Amino acid sequence: MVTPDYYEQFYCIGGECRNNCCKGGWDIEVDDDALARFERISGEFGARVRGAVNDDNCFRHIDGHCPLLSDDGWCEMVRHNEKLCVICDEYPRFTEYWDDYCERGISISCEAAADIILKNKEKVRLTGKSKPCADPVFKIIYRARNRVFEILQDRSIDIFTRMSLALDYTAQLQERINIDDYECEPDFKPTDCRNRHISAAEYIEFIKGLEVLNPHWTDMLNKAYEAETTSPAHDADEVVCEQLMVYFVFRYFLKGAFDCDPLSKMKFAAVSVMTVIALENALGDFAECARMYSIEIEHDEDNIEAIYDEFLFGDALEYGNILNMIG
Ligand code: SF4
């Protein structure tokens, strides 16, 4: 298993967490094995656990939180030494497979994970081992991702230039993949393909139309949109933005091997970071903005699909426009 080097630092801070995931409003589906275990829990606690699950096999939301969350912010299941369902046990970790090749990371939607990722001053490295994947598309995208990491972590140049170069490089990679040429990476020649100036407002306007979990998110987007249309943010902490870019690239870029479309994954990383910068510009607290973005966008498959569709078939978020958003 391959992970970012910060992966093992994660532990749940439970009672100390200001944004406990058990209050997140998510529908947590309980897997069949866990349901069977819940049936075997005896006594009053067993009845409580079974009563906490609704007819759709999801944990209920009562007074805005999971019924098994205790007043001190810890899960009653843990206190009773009962095994959690898969989703609760895994969160905020995520796992992805490409045949036998496996990577794991932690999601920035969790407050503790966001702290680890965004407060890290060092360049992130990947650690661990996994069996290789022989797929030629995977291999070229895997090698290209290493190059993208190098570009994004070159601290001799500013972060927005690094993001533009990474996007440019990925566009050239995509051209190779489009003609089924998987033999070697692009001989990277930076190009100037800017079309017109847009700000993050255009992307924010688009994501305002997507599914929303927490109504507060809509307020946040409205404020960021207003700020971006009057004075677009183009200033941000270089290292924090680098860490967020590397996080998105780690999590999504290799998924381009599933659909031969690494460019959409790179665009998603770039517009996501620009949006978090815009949110911070309007509201402050970069980590909290990144956490909310992750909850509302990353954790909603329909939203991610809608964004990828817009990248492929829409005009507003085409490649040159995203370069201009950064530049
Ligand atoms: S959001 Fe993260 S730190 Fe907070 S309770 Fe959930 S897993 Fe623990």
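Definitions and limits used
Sequence order as written defines the numbering, with residues in each chain counted from 1. Under the rules for a predicted model, residues below a pLDDT of 70 receive no local features and side-chain atom pairs below 80 are neither given nor counted, while totals for whole chains, interfaces and linings still include all residues. Secondary structure elements are defined from DSSP: runs of H or I of at least 4 residues count as helices, runs of E of at least 2 residues count as strands, and each element is numbered from the N terminus. Any residue whose C-beta has 12 or fewer other C-beta atoms within 10 Å is treated as exposed, any with 20 or more as buried, and any in between as partly exposed, C-beta atoms being built from the backbone. Contact definition: two residues whose C-beta atoms, as placed from backbone geometry, lie within 7 Å. Throughout, the edges of the domains are those of an automatic or database domain assignment. To obtain an axis, a line is fitted to C-alpha atoms, over the contacting stretch when the element is a helix, and the angle between two such axes runs from 0 to 180 degrees between their N-to-C directions. For any helix crossing, the convention is left-handed if the near helix is rotated counterclockwise from the far helix by under a right angle, and right-handed if that rotation is clockwise. Residues are grouped as follows: nonpolar covers Ala, Val, Leu, Ile, Met, Phe, Trp, Tyr, Cys and Pro; charged covers Asp, Glu, Lys and Arg; every other residue, Gly included, is treated as polar. Any residue whose C-beta atom, as set from the backbone, lies within 6 Å of a molecule or strand is reported as near that molecule or strand. Here the word oblique covers every angle except those under 35 degrees (roughly parallel), over 145 (roughly antiparallel) and from 65 to 115 (roughly perpendicular). For this analysis, nonpolar core means a set of buried Ala, Val, Leu, Ile, Met, Phe, Trp, Tyr and Cys residues linked through C-beta atoms within 7 Å. Note that the arc is defined by the directions from the helix axis to the C-beta atoms. Pairing between two strands requires that DSSP report at least two bridges joining them.

Asks: Help me get a handle on the overall build of the chain, residues and values and all.
Replies: For the chain, the count of helices and strands is 15 helices and four strands. Counting over 327 residues, the chain shows a buried share of 37%. Contacts in the chain between residues far apart in sequence, at least 24 positions, make up 74% of those at least 6 positions apart.

Asks: Requested: an account of the domain arrangement of the chain, with residues and values cited.
Replies: A common way to report how large an interface is uses the accessible area buried once the components associate. Taken as a whole, the chain is organised into domain 1 (10–90) and domain 2 (135–326). Computed over C-alpha atoms, the centres of domain 1 and domain 2 are 34 Å apart.

Asks: Outline the packing of helix 10 (residues 238–252) against helix 12 (residues 262–283), listing residues and values.
Replies: When two helices pack together, their arrangement is given by the angle between the helix axes and by the axis-to-axis distance. Contact geometry for helix 10 and helix 12: axes closest at 9 Å, N-to-C directions at 150°. Handedness of the helix 10/helix 12 crossing: right-handed. Counted together, C241, L244, M245, F248, V249 and Y252 of helix 10 and K265, F268, A269, S272, V273, V276 and I277 of helix 12 form the full contact between these two elements. Residue composition of the contact of helix 10 with helix 12, grouped by class: eleven nonpolar, one polar and one charged.

Asks: Kindly report on the site of the ligand, identifying the contributing residues and their values.
Replies: Taken together, C12, I13, G14, C17, N19, N20, C21, Y91, P92, C110, E111 and A112 make up the full set of residues adjacent to the ligand. Considering only residue class, the shell around the ligand consists of eight nonpolar, three polar and one charged.

Asks: Now, about the environment of E8: what can you tell me, with residues and values included?
Replies: With respect to the helices and strands, the residue E8 is situated in the loop between strand 1 (2–4) and helix 1 (32–40). For E8, a count of 12 C-beta atoms within 10 Å translates into the label exposed. Put simply, E8 and G105 are 97 residues apart on the chain and 9.4 Å apart in space, counted from C-alpha to C-alpha.

Asks: Describe the packing of helix 7 (residues 159–178) against helix 15 (residues 319–326), listing the residues and the values that go with them.
Replies: Two elements in contact, helix 7 and helix 15, have axes separated by 9 Å at closest approach and are oriented at 165°. The pairing of helix 7 with helix 15 is recorded here as roughly antiparallel in orientation. Judged by the sense of rotation from one axis to the other, the crossing of helix 7 with helix 15 is left-handed. When helix 7 is examined against helix 15, the residues F160, M163, S164, L167 and A171 are found in contact with a partner set consisting of Y319, I322, L323 and I326. For the contact of helix 7 with helix 15, the class distribution of residues is eight nonpolar, one polar and no charged.

Asks: So what's going on with the nonpolar core? Which residues, and what values?
Replies: Of all hydrophobic cores here, the largest spans 88 residues; its most connected members are L244, M245, V249, A270 and V273. Among the elements that line this core, the one with the most residues is helix 12, at 13 residues. Viewed by domain, this core spans two of them, domain 1 (10–90) and domain 2 (135–326), each represented by three or more residues. Setting aside residues up to four positions removed in sequence, M245 forms contacts with L152, M163, A269 and V273.

Asks: Residues and numbers for helix 5 (residues 111–118), please.
Replies: Taken as a whole, helix 5 has its buried residues at A113, A114, I117 and L118. The buried residues of helix 5 occupy an angular sector of 115° when projected down its axis, which confines them to one face. Where helix 5 is buried, its residues contact strand 3 (101–106), helix 10 and helix 13 (286–298).

Asks: So, the pairing of strand 2 (residues 93–98): which residues are in play, and what are the values?
Replies: Strand direction decides the pairing type here: strand 2 and strand 3, joined by six bridges, are antiparallel. Residue pairing across strands places E96 opposite E103, the latter belonging to strand 3. What sits between the antiparallel neighbours strand 2 and strand 3 is a turn of two residues, in which D99 has the positive phi angle 55°.

Asks: Got a sec to walk through the environment of I326? Specific residues and values, please.
Replies: With respect to the helices, strands and loops of the structure, I326 is situated in helix 15. For the pair I326 and F160, spaced 166 residues apart in the sequence, the C-alpha separation amounts to 5.8 Å. When near neighbours in sequence (up to four residues on either side) are disregarded, I326 contacts F160, M163, S164, A270 and M274.

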